[in-house]
Amino acid sequence: MTKYKVGYLIGSLATGSINRKLARALTLLAPESLSFTEIVFKDLPLYSYDYDPDFPPVARKFKDAIKAADAVLFVTPEYNRSIPGGLKNAIDWASRPYGTNSFTHKPSAVIGASPGAIGTAVAQQSLRSVLSFCNSPQMNAPEAYIHFTPGLITDAGEVTVESTEQFLRQYMVEFHAFIARVLSVLPPEA
Ligand code: FNR
């Protein structure tokens, strides 16, 4: 299988984030043909187009990290029926300056966990809308709304429920296949 580099963004900045546990599980369950790097955004200032003529180093590094990835994976909580502000701010940085949108033709997938039964479904719809505008080809299926019950995933990323483990494993198999399909027609720019 062709190897791909996946950059992943965790929507939560919380130290005990259940979405960080989910991200860890996904990296452990994924096919070996996928490698993973977290794309960190917590140090980005709040975006304004005043920065466009001269992006600060932290923002350049952030955009470079997305460029270096063959695909991006968003693992995000739902905050007030949308994505957390920090993640939206990061996407806004990545999308600018005009003409340098980091997500153009970059394959992506969205997943999230919540203690509530709808498992971030509304936030994911919101994020999908943003990524559509950013011209990122998105994996449509499988969708993944993870209802995070206590102990479902350990801090080390071990999934304690067999059916969930199988589902997440298959999700990453599908993501690999999706990346391959997209990059076969939209090769990354040099
Ligand atoms: C939440 N939470 C939440 N849950 C949900 O299912 N839908 C929602 O709209 C919200 N809104 C919301 C807003 C804010 C500001 C907070 C802090 C929390 C609960 C949320 O799912 C829960 O705190 C998760 O643990 C968040 O994921 P992380 O940060 O632990 O990964």
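Here we summarise the structure given alongside this text.

How each quantity is defined
- Residues numbered from 1 in each chain as written.
- Predicted model: local features only at pLDDT ≥ 70, side-chain atom pairs only at ≥ 80, totals over all residues.
- Heavy atoms only, no water.
- Axes fitted to C-alpha atoms, helices over the stretch in contact; angles between N-to-C directions.
- Helix = DSSP H or I, 4+ residues; strand = E, 2+ residues; numbered from the N terminus.
- Parallel < 35°, antiparallel > 145°, perpendicular 65-115°, else oblique.
- Contact = heavy atoms within 4.5 Å.
- Nonpolar A, V, L, I, M, F, W, Y, C, P; charged D, E, K, R; others polar.
- Phe/Tyr/Trp six-rings, centres within 6.5 Å; stacked < 30°, edge-to-face > 60°.
- Buried < 20%, exposed > 50% of the residue type's maximum accessible area, 1.4 Å probe, protein only.

**Some remarks on the packing of helix 2 (residues 57–68) against helix 3 (residues 85–94)**
In a pair of packed helices, the angle between the axes and the distance between the axes together describe the arrangement. Axis separation between helix 2 and helix 3 bottoms out at 10 Å; the angle between their running directions is 85 degrees. By the angle between their directions, the pair helix 2 and helix 3 is classed as roughly perpendicular. Touching Ala59, Phe62, Lys63 and Ile66 of helix 2 are Ala90, Trp93 and Ala94, all from helix 3. Of the residues that constitute the contact of helix 2 with helix 3, the class distribution is 6 nonpolar, no polar and 1 charged.

**Here's the deal with the packing of aromatic side chains**
What the rule picks out here adds up to 5 aromatic pairs. Ring centres of Phe55 and Trp93 lie 4.8 Å apart, and the angle between their planes is 80 degrees; this geometry places the pair in the edge-to-face category. Of this pair, Phe55 sits in the loop between strand 2 (34–38) and helix 2 while Trp93 sits in helix 3; the two residues are 38 residues apart in sequence, bridging distant segments of the chain. On the basis of relative accessibility, which here comes to 0%, the residue Trp93 falls in the buried class. Between Phe74 and Phe103 the ring centres are 6.0 Å apart and the planes differ by 50 degrees, which places this aromatic pair in the tilted class. Placement of the pair is Phe74 in strand 3 (residues 71–75) and Phe103 in the loop between helix 3 and strand 4 (108–114), with a sequence separation of 29 residues. With respect to class, Phe74 is no different from Phe103; both count as buried. One aromatic cluster in this structure is built from Tyr47, Tyr51, Phe55 and Trp93.

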